[in-house]
Amino acid sequence: MNRFRVQIPNPRWFEENIGCENACPVHTRAPQYISAIREENYNLAFELNRGDNLFPVILGRICVHPCEKKCRRGLLIDLPISICSLKRACAEFETHARQKETAAKKKDKKVAVIGAGPSGLSAANDLARLGYSVTIYESFPIAGGMLNVGIPPYRLPRQVVERAIEEVRQLGVEILTGAPIGKELNLESLRKKYDAVYIAAGAHKAEKLGISGEDLQGVIHGVTFMRMVNLKQELKIGQRVAVVGGGNTAMDAARSSLRLGAKEVFILYRRTREEMPVDPRELEELEEERINVHYLSQPIRVLSKDGTRVSGVQCIRSRLGDPEPDGRRRPIPIEGTEFDIDIELLIPAVSQSPDISFLPEEIGLEISKWDRLSVNPETFETNVPGILAGGDFVTGPRDVIQVIADGRKAALSIHRYLSGEVFERKPAYFTPIPECQVDPNLEKIPRQRMETLPVQERGSMDREVELGFSREVAVKEAVRCLQCHIFTVFDRTKCILCGGCVDICPKSCFRMARLDEIEGDEKLSKLVQSLYKVSLEEAQKLNVASVIFKDESRCIQCGLCVKRCPTGTIAMEEYHRESTLYRGEQG
Ligand SMILES: Cc1cc2nc3c(=O)[nH]c(=O)nc-3n(C[C@H](O)[C@H](O)[C@H](O)COP(=O)(O)OP(=O)(O)OC[C@H]3O[C@@H](n4cnc5c(N)ncnc54)[C@H](O)[C@@H]3O)c2cc1C
């Protein structure tokens, strides 16, 4: 007999059933801020975001939003909620002049951060709020890391980045730009001057393709190209540009080349569209801008007519073989399918890695076989006490929300190292919902599309392409949310097993079964023992009872079961928790 596996809810179960929040590296309370938007309380929505992910104004534009992949609406009904775009709406429509965020009582300890990218900034933000004096050393003339020297302004306007950095400065964080940590000013001297150091120097070393001709003039690697574009350095773009790769850097390099005057830009990608690790929305915008992607094509040689400058690229077609460890299928070149393309600029944008050359050997930092600084993945501590590292620097390229999470966790580790104090997570709590309000047309509202700049107006690097939601559209999108943070809570002492909830549920969440049709863990056994004074096995043999259980993953929080229940067994309650990471004031 097939048995239903049931679980008695525990704190982890509740977390896992709020898919969006659970998938976010900083556990942003998305359902709560979406509820606030539904009530047009943009200030609260902003505060919830600022507490969790620190830079909603940035992330609302460029976050890779792992939350949306786990959105119950997307898994159950149609397309996920535009959680990311709603984040942007709350940053745009918050109205109150926020009080200056106050830091805790000053502590006498000082922390240095290497790198003013999102990971360094997030660590500095939290450390300053904990009362530490923080100085960030940044080698570029501007702060922001890849937010300013990688991602182009037509996707992330510079005043938006500046606003986020200003919020960190306002907490008293000193940001020294044009201050590389290397030979003159080195890690050893920082160690002497500061009580702890967080290294968040990113991954800025371009990975090469490893093909002949890659050193010719007119070959500029993706991160270098984007840095030159963003720092407005002189660049010879030419008429025809080929970009190699399928990630963010490749897309940005291609779209930037077009804005900087190229007549024809195309992308060479060795897999298919399905394997491309970019947001489909971005791919759509790329296609609107008439950038051709040659799928299943890869470069094998850079060509030159004069032996100095690139004049073309030889490519070969590929087919897909078995999946690689990351799940994507391996491209296999097909012999005899070589073809040449004339170009003036080749931008290989396949990956980048951290440059660890500034770490002095004498300190004895442990380096992994991949040439990366080794850290404890939970605490971000290196093997040398007081030196921590995180962000892209320890893993290679990732994304902004993940490196913010690293920075926040590292800040707590530094605090523990310097003060001995450990932050305990406050337990979640529930509040009753008097009446569940769900739009009856909820399931019919389609995912709202964001307006974009007409293609003919996208000529400039500085004109933002995605225009954000209007207030009205934001509310409409927020109404689509199934509010997975609202749970049906059962008082089993009142249930008469009438099966009314089973009958009324439009999503067939409930099921009534005999005791011998279910199985579970020790908690279920204990519950049965306490209720019937016999073991689960005995109770199943005696068939002492029937049970009603619920598949939470199908619930749309319509509340019909609550209304139908004749004995008041079922109530709806809202789940709340404080930010998982530090956000409040101390001292
Ligand atoms: C073109 C491009 C587009 C991207 N698009 C997206 C996107 O849409 N969404 C997304 O989530 N992610 C995106 N990413 C990835 C994201 O930007 C990075 O994962 C993130 O910025 C990494 O943050 P970080 O703080 O670890 O490092 P970085 O942002 O790289 O910052 C590191 C900082 O350290 C400084 N530094 C380095 N060495 C030293 C030294 N010795 N002394 C002092 N300072 C030093 C660097 O100058 C830099 O400012 C993109 C990346 C690129 C390149």
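Up top you'll find the structure we're talking about.
Calculation criteria
Residues numbered from 1 in each chain as written. Predicted model: local features only at pLDDT ≥ 70, side-chain atom pairs only at ≥ 80, totals over all residues. Heavy atoms only, no water. Helix = DSSP H or I, 4+ residues; strand = E, 2+ residues; numbered from the N terminus. Buried < 20%, exposed > 50% of the residue type's maximum accessible area, 1.4 Å probe, protein only. Polar contact = N/O pair within 3.5 Å; in protein donor to acceptor, adjacent residues only side chain to side chain. Contact = heavy atoms within 4.5 Å. Near = heavy atom within 4 Å. Areas by Shrake-Rupley, 256 points an atom, 1.4 Å probe, with all protein chains shown as cover. Pairing = 2+ DSSP bridges. Axes fitted to C-alpha atoms, helices over the stretch in contact; angles between N-to-C directions. Parallel < 35°, antiparallel > 145°, perpendicular 65-115°, else oblique. Left-handed = near helix turned anticlockwise from the far one by under 90°. Nonpolar A, V, L, I, M, F, W, Y, C, P; charged D, E, K, R; others polar.

## As for the side chain of glutamate 285
Part 1 of the reasoning: Its place among the elements puts glutamate 285 in helix H15 (residues 280-288).
Part 2 of the reasoning: In this structure glutamate 285 comes out as buried when scored by relative accessible area, which is 4%.
Part 3 of the reasoning: Separated by 3.3 Å, the side chains of glutamate 285 and arginine 255 make a polar contact.
Part 4 of the reasoning: Apart from residues lying up to four places away in sequence, glutamate 285 is in contact with Arg255, Thr452, Arg458, Val465 and Glu466.

## Let's talk about the site of the ligand
Part 1 of the reasoning: Around the ligand, the surrounding shell holds 37 residues, and the nearest of these are Ile62, Glu138, Arg155, Ile181 and His204.
Part 2 of the reasoning: Here an oxygen atom of the ligand and a side-chain polar atom of glutamate 138 are 2.6 Å apart.
Part 3 of the reasoning: Within the side chain of asparagine 248, one N or O atom sits 3.5 Å away from a nitrogen atom of the ligand.
Part 4 of the reasoning: Relative to its unbound accessible surface of 1,000 Å², the ligand loses 95% to contact with the protein.
Part 5 of the reasoning: For the shell around the ligand, the secondary structure elements donating two or more residues are helix H9 (118-129), helix H13 (222-230), helix H14 (248-259) and helix H17 (400-419).
Part 6 of the reasoning: At three residues, the largest contribution of residues to the shell around the ligand is made by H14.

## Some remarks on the sheet that holds strand E14 (residues 345-348)
Part 1 of the reasoning: Read from one edge to the other, the open sheet built from four strands follows the order E9-E8-E7-E14, with strand pairing classed as parallel. Either end of the sheet is taken by a strand with one partner, and the two such strands are strand E9 (292-294) and E14. Going across the sheet, the axis of each strand differs from the next one's by a mean of 20°, ignoring polarity.
Part 2 of the reasoning: Inspection of the sheet shows strand E7 (residues 240-244) paired to strand E8 (residues 264-268) by five bridges, in the parallel sense. Residue pairing for E8: valine 244 is matched across the bridge by leucine 268.
Part 3 of the reasoning: Packing against the sheet, H14 makes contact with E7, E8 and E14, and its axis sits at approximately 170° to E8.

## Details of the packing of helix H3 (residues 30-38) against helix H4 (residues 42-53)
Part 1 of the reasoning: Direction vectors running N to C along H3 and H4 enclose 165°, while the axes themselves pass 7 Å from each other. As far as their axial angle goes, H4 and H3 are roughly antiparallel. Between H3 and H4 lies a crossing of left-handed hand. Residues Gln32, Tyr33, Ala36 and Ile37 of H3 form the contact with H4, whose own contacting residues are Tyr42, Leu44, Ala45, Leu48 and Asn49.
Part 2 of the reasoning: Taken together, the residues of the contact of H3 with H4 break down into seven nonpolar, two polar and no charged.

## Structural notes on H13
Part 1 of the reasoning: For H13, the tally of buried residues reaches seven of nine residues, placing the bulk of the element in the interior.
Part 2 of the reasoning: The set of residues buried in H13 consists of Gly222, Val223, Phe225, Met226, Met228, Val229 and Asn230.
Part 3 of the reasoning: Where H13 ends, the next residue or the one after it, lysine 232, has phi of about 55°, a positive value.

## Some points on unusual backbone geometry
Part 1 of the reasoning: Even without glycine at this site, histidine 65 takes up a positive phi of about 35°.
Part 2 of the reasoning: Look at histidine 65 and you get buried, because its relative accessible area is 12%.
Part 3 of the reasoning: Unlike most non-glycine residues, aspartate 371 shows phi in positive territory, near 65°.
Part 4 of the reasoning: Here aspartate 371 shows up in the loop between strand E15 (352-353) and strand E16 (387-389).

## Some points on the pairing of strand E11 (residues 312-323)
Part 1 of the reasoning: Bridging between strand E10 (residues 297-303) and E11 involves six bridges; their strand directions are antiparallel. Each residue of the ladder has a partner; that of leucine 303, found in E11, is glycine 312.
Part 2 of the reasoning: Pairing analysis gives four bridges linking E11 to strand E13 (residues 339-342), with the strands arranged antiparallel. Note that in E13 the partner of cysteine 315 across the bridge is phenylalanine 339.
Part 3 of the reasoning: Here E11 runs beside strand E12 (residues 329-333); their pairing, made up of four bridges, is antiparallel. Opposite serine 318, over in E12, you have proline 333 as the bridge partner.
Part 4 of the reasoning: Where E11 folds back on E12, the antiparallel hairpin that results is connected by five residues, among which glycine 327 adopts a positive phi of roughly 90°.

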